[in-house]
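# Remarks on the overall topology
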Amino acid sequence: MAVHKLQPKDHLKPSDLRGISNEQIEPHFEAHYKGYVTKYNEIQEKLADLSFSDRSKANQNYSEYRELKVEETFNYMGVVLHELYFGHLKPQGEPSEALKKKVEEDFGSWDACIQEIKAAGIAFRGWAILGLDIFSGRLVVNGLDAHNVYNYTGLIPIIVLDTYEHAYYVDQKNKRPPYIDAFLQSLNWDVINERFEKAMKAYETLKDLVK
C-alpha cells in the first residue's frame, strides 16, 4: 500500500499575539501539533504493513487494524484542527458584512454567537468550533471533548478554539476564561472571512446532497 504522510506547516506558527505569549505557543506548536503529525505518519506506515494490520483479522473488540483506524482519526483531526487554529491567530481585519449578516440570522445577534463560542469553550474539553453545517446551511457552534469525539458530520470549520489545557497553561495556569478572551482578541478576520466565503460556496454545491 502507498503511504500517505503529512508535513508540519511551519508557516502557520503565530507569534506576538494579544494575551497568548510566544512561550505558550512554543510547546503547543512544536510538541503538541507536530506530535500529531508524527504519530499520524507512524500510523500510516503501520497501516501499509499488511503483515501487522492484517485486514482479515479485523475485530470490533480488538484488532491491530481497529486500533490503528481509531487513532488515525484522533491524530489526523489533531493535525487538521490545530492547523485551522494556528492559521487564524494574528490580530487583523474585521468581520465581513456577509459574515455578520449570517451570524445575526442564525444566532439572533453577534453577541449571542460570541457568547455561544465562549460557553462551548468552557463546556467542552477539547475544542469549540463555529462552523457551517452543509446539510442545513446554518452556522452552528459545536463542541468536542477530543479531536474525534462529537464531531458534526459535514461541519465546515470557520473559527476553531483549542480548549485543551496545553493551549493556555503556560500563560493562565488552570484559568480558561481569560485565555478564551485573549483568543477572541487575536483572530485574523481576513482568514475567517475567506473561510466563510468558501464554506458558503461549498454549501451551494452540496446542499442537495440530502433531499
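Computed from a prediction, not measured in an experiment: that's the story for all the values here.

### So, the pairing of strand β2 (residues 139-144)
- Taking burial as the measure, the six residues of β2 include six buried ones, the bulk of the element.
- Burial of β2 is two-sided: the residues L139, V141 and G143 facing one way and the residues V140, N142 and L144 facing the other way are all buried.
- Across six bridges, the pairing between strand β1 (residues 127-133) and β2 is antiparallel. Counterpart to I129 in the pairing with β2 is N142.

### Thoughts on the environment of Y85
- Tracing the backbone through its elements, the reader meets Y85 in helix α2 (residues 64-87).
- Given the relative accessible area of 0%, Y85 is considered buried.
- In this structure, the C-alpha to C-alpha distance between Y85 and A128, residues 43 residues apart in sequence, is 10 Å.
- Once residues lying within four places of it in the same chain are set aside, the contact partners of Y85 are I20, H28, W127, V160, L161, D162, A167, Y179 and F183.

### Some points on the environment of Y152
- Locating Y152 in the fold gives a position in the loop between β2 and β3 (155-162).
- Using a relative accessible area of 41% as the deciding quantity, one classes Y152 as partly exposed.
- As for Y152 and A167, which are separated by 15 residues in sequence, their C-alpha atoms are 23 Å apart.

### As for helix α3 (residues 97-107)
- Turning to α3, its buried residues number three or more, namely L99, K102, V103 and D106. Along the axis of α3, the buried positions cluster into a sector of 100 degrees, meaning they face one direction only. For α3, exposure combined with an orientation more than 90 degrees from the buried face picks out E97, K101 and E105.
- The elements touched by buried residues of α3 are α4 (110-123), β1, β2 and α7 (189-206).
- G108 sits one or two positions beyond α3 and adopts a positive phi of about 95 degrees.

### Some thoughts on the layout of surface pockets
- Of the volumes computed, that of the largest pocket is approximately 180 Å³.
- In terms of residues, the lining of the largest pocket owes the most to one element, α2, which gives six residues.
- Of the residues belonging to the lining of the largest pocket, the class tally is six nonpolar, three polar and three charged.

What counts and how
Residues numbered from 1 in each chain as written. Predicted model: local features only at pLDDT ≥ 70, side-chain atom pairs only at ≥ 80, totals over all residues. Heavy atoms only, no water. Buried < 20%, exposed > 50% of the residue type's maximum accessible area, 1.4 Å probe, protein only. Helix = DSSP H or I, 4+ residues; strand = E, 2+ residues; numbered from the N terminus. Pairing = 2+ DSSP bridges. Contact = heavy atoms within 4.5 Å. Arc of directions from axis to C-beta. 1 Å grid on protein atoms, 1.4 Å probe; cavity = no way out; pocket = protein on both sides within 12 Å on 5 of 7 lines; lining within 4 Å. Points joined across faces, edges and corners; volume = space filled by probe spheres on them. Nonpolar A, V, L, I, M, F, W, Y, C, P; charged D, E, K, R; others polar.

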